[in-house]
Structure formats: structure tokens, C-alpha cells
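# Tertiary structure, described
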Amino acid sequence: MSGLKHSWVIPVGGAKRWDLAALGEVMLRFDPGEGRIRSARNFDVWEGGGEYNVARGLSRTFRRRTAVLTALPRNPLGFLAESLIAQARVDVGAIVWRDYDGVGREARMGLNFTERGFGVRPPQGVSDRAHSAASALGPQAFDWNEVLGATGAHWLHTGGVFAALSVQTAETALAAVRAARRLGVTVSYDLNYRESLWRSHPDPEALREVNRAIVAECDLVFADDRGLAACLGLVSEEIGRRAWPTDPGPPSKAAQMAFDAFPHLRGVAYTLRDPKSASLNGWQGVFHERDERHVSIARPDLEILDRVGGGDAFASGLIHGLMAGESPQQAVELAAAHGALAMTTPGDNAETDLAEINALIRGERGGSR
């Protein structure tokens, strides 16, 4: 297979410090619970971020060694985020600390106010992340030989949210994946298209070029037909449009187009979601290898408490399955079940374990094992 330079499997007890390092922005999430942001008097606080959530899921659920490559402001909010990350057993040793100027013009903590939604009221997020410490990370912020080399990480995960934050972060993501390929490190990238970030980007076409350059270095990409079109420009009349929300045709054709465009790419994965309401979704996971497509159990009526982070939990479940040497089918089942369970609890992340995930895959309900 073109680009097959090593196995997905991570050796147990290897010399490296981490199974995976995640490069991205960590934010503080303020959650009004069952209420609304506009009338809230109290918020629960969680840490989150698309790339970080994958490292957290691998650490908390799958008991893997992970680290986050990010930047935080040296102030009480940054210290709070560090404490929450450490509680998740994600290594904080590679965090870059930036001095806080007292106002937030140069380095501040990114904030994300998120309503879970319910029934006919959809989830809603209000991000306040301009000038965050992470958005100023440049390619020289990390010693790539140290964090990805012989004593660093086996696997690098980053994403399109981080790359879209600024010109600097796009350059940093590209430098990271190029270093990873040079050092023989497996690379995954979640395109994670966010229209609001692209609208605010000074040159969306330049960002699309960066995304293409990043994916050219990747082993595994998380993206469906819509993400591949928006972020990489992979469009064709042959792909067509979905006839229904979980129509498998267009995303499967788009995945094949991605394989044709990027010779090193070994896997494309995504979820199929049918949001019947904020509280009831159809949910299924798909994992493409170059010559085979693997589909998880379909959950047409998945009850949801908080959908934020479901895709990140899917990604961490798939990565764990591949790292552990599971069959591709079992890996996508782990991914879809982990994502489903993540959406039954508040916050961006799952609070579960492998036994509970396997029980769900077997069809056991109500926590019975």
C-alpha cells in the first residue's frame, strides 16, 4: 500500500514517553447546564478543545499516556486550565507559558460558552478566543525532535480548528506534521471544519492550501464529504449531494477521492449523524482504508444529553483501537460507542471505561454487564 511505512500498533512499554501528543488550543468551557447563556447565574467549568479532547479521551477512557502541546497564559485562568488537564492525567510538561499583560491583548485564555440544547432548541456555542495564548504559537515554539523524536510521542494528533486560529498556528501545524513524518511518527488530523473560523481568517484559500499540505503528510484524516470539500477543495459532480443525512454514498466517494489525491493517506474516518432533535440523533461511525470500508453498528435513536465532543471521542476511540491492534471493524465499533457514551454526560469528554464501551457494543443496556 502506498505510504504504508509502519503499523498503527503502539508497542506496550516502549521507550517513548507518550503514546500520543495532541497539538491544539485548550479552552475553558462555561456550561449553564439546563439553562441558557443569556439568563445564566451559574456556570459549570470544563476544559476542552478539539485536539486536546482526543488526548483526554485516550488518557481517561483508554488509560494511554498522552500529552498536550499548547500555550496558556500565566494567570489564574491558565493555572485553572493546567489543573483540569492534569486531573485528566494528560501530561502538562510540554505546555508553553506566555506572560499575561493584564488586559489580554497579547495572551489570554480562550473561553467557550456552550448550551447543550434540548428537543427543538439546538446546541449553541459562543466562543471568545481572540488573542488566546495558543493562537500565537509559532513553528519554533516546540523542539520537534524532543516531543516527537526517540523520547517523545509515537503518534501526533492535530486539527483544522488549531490550524485556522491564525497564520502562525497554520504554519505550526504544518511544521509539526512534516517533522512527524521525518521522524517516523504516525499522524492524524481532524479537519473539523468551523465556518466561523474560516469567515474570520484573512485568506481562506491560503488556509485551504495549508490544509492540503498538512493532509499530504497524514496517515489518518477525520473528515466527511462536507469537510473534504470545504477544507481541501475536493469537489466533484460524481460525489453528488446526500439524499438524507446519513446517506453513505457521497462521503464514501469523497473518501476515495482523498486517497487518490494523497498517496501517504492510509485511513479516512467520520461519523454519520441525523439530528432529529437536540436530544435524539441517528449516529454511526465509518472508517475507510484504501481498499475496504468498515461501518459501526447504527444507532438510529441515540438519546443525547450533550453532543459537544462526540466527534472527538469517536476519534480517540478509533485511534486507541488501531494502536491496540484491534481489527478495523472493532476499532470503528470502539470509536462509535465511545462517541455515543460521551454524549450522555455533560462536558466535552466521556466519563466511561473500556468495559462500559464493550458492553454497549454487545448491546447491553442500562449499565448491565
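As shown above, the structure is provided for reference.
Residues numbered from 1 in each chain as written. Predicted model: local features only at pLDDT ≥ 70, side-chain atom pairs only at ≥ 80, totals over all residues. Heavy atoms only, no water.

What follows is about the environment of Gly-282. Among the structural elements, Gly-282 can be located in strand E14 (residues 280-289). Taking C-alpha positions, Gly-282 is 5.3 Å from Asp-301, a pair spaced 19 residues apart along the chain. Sequence-distant contacts of Gly-282, that is, excluding residues within four places in its chain, are made with Leu-272, Arg-273, Asp-274, Lys-276, Arg-299 and Pro-300. (Helix = DSSP H or I, 4+ residues; strand = E, 2+ residues; numbered from the N terminus. Contact = heavy atoms within 4.5 Å.)

We now examine the nonpolar core. Counting residues in each nonpolar core, the largest one holds 58 residues, and the members touching the most others are Leu-69, Trp-144, Leu-148, Leu-156, Leu-191 and Ile-214. The greatest single-element share of this core, amounting to seven residues, is contributed by helix H5 (residues 167-182). Non-local contacts of Leu-69, meaning those with residues more than four positions away in its chain, are made with Ala-21, Ala-22, Leu-23, Gly-24, Ala-94, Phe-142, Trp-144, Val-147 and Leu-156. Of all hydrophobic cores here, the second largest spans 47 residues; its members include Leu-20, Leu-28, Phe-62 and Val-68. (Core = buried A, V, L, I, M, F, W, Y, C linked by side-chain atoms within 4.5 Å. Buried < 20%, exposed > 50% of the residue type's maximum accessible area, 1.4 Å probe, protein only.)

The gaps left among the atoms become clear once a water-sized probe is rolled over them. In this structure, the largest pocket encloses a volume near 1600 Å³. Taken together, 48 residues form the lining of the largest pocket, with Asn-192, Tyr-193, Arg-194, Arg-307 and Gly-311 sitting closest to its centre. Secondary-structure elements contributing two or more residues to the lining of the largest pocket are strand E2 (27-31), helix H1 (50-60), strand E8 (111-115), strand E9 (124-128), helix H6 (195-200), helix H8 (225-232), strand E13 (267-277) and helix H10 (310-323). Top element by residues in the lining of the largest pocket is E13. It accounts for five residues. For the lining of the largest pocket, the class distribution of residues is 16 nonpolar, 17 polar and 15 charged. (1 Å grid on protein atoms, 1.4 Å probe; cavity = no way out; pocket = protein on both sides within 12 Å on 5 of 7 lines; lining within 4 Å. Points joined across faces, edges and corners; volume = space filled by probe spheres on them. Nonpolar A, V, L, I, M, F, W, Y, C, P; charged D, E, K, R; others polar.)

If charged atoms from side chains of opposite charge come close, those side chains can pair. Under the definition given, this model contains 24 salt bridges. Taking the shortest distance from any N to any O, the salt bridge between Glu-351 and Arg-60 comes out at 2.8 Å. Of the two residues, Glu-351 is situated in the loop between helix H11 (328-342) and helix H12 (354-361) and Arg-60 in helix H1; the sequence distance between them amounts to 291 residues. For Glu-351, a relative accessible area of 38% gives the class partly exposed. Between Arg-181 and Glu-217 there is a salt bridge whose closest N-O contact spans 3.5 Å. Note that Arg-181 is positioned in helix H5 and Glu-217 in the loop between helix H7 (204-215) and strand E12 (220-222), a separation of 36 residues in sequence. (Salt bridge = Lys/Arg side-chain N within 4 Å of Asp/Glu carboxyl O.)

Another point: empty space enclosed by the protein. On inspection of all chains with the given rule, the structure shows three cavities of 30 Å³ or more. A volume near 50 Å³ is recorded for the largest cavity. The wall of the largest cavity is formed by 13 residues, among which Gly-160, Val-161, Ala-164, Leu-191 and Trp-198 lie closest to the centre. Residue assignment for the lining of the largest cavity shows that the elements contributing at least two residues are helix H4 (160-163), H6 and H7. With three residues, the top contributor of residues to the lining of the largest cavity is H4. Looking at side-chain class alone, the lining of the largest cavity contains nine nonpolar, three polar and one charged residues. The calculated volume of the second largest cavity comes to roughly 40 Å³. Along its surface, the second largest cavity is lined by Trp-46, Glu-47, Arg-56, Pro-346, Gly-347, Asp-348, Asn-349 and Glu-351. Taken together, the residues that form the lining of the second largest cavity break down as two nonpolar, two polar and four charged.

By themselves these figures say nothing about function.
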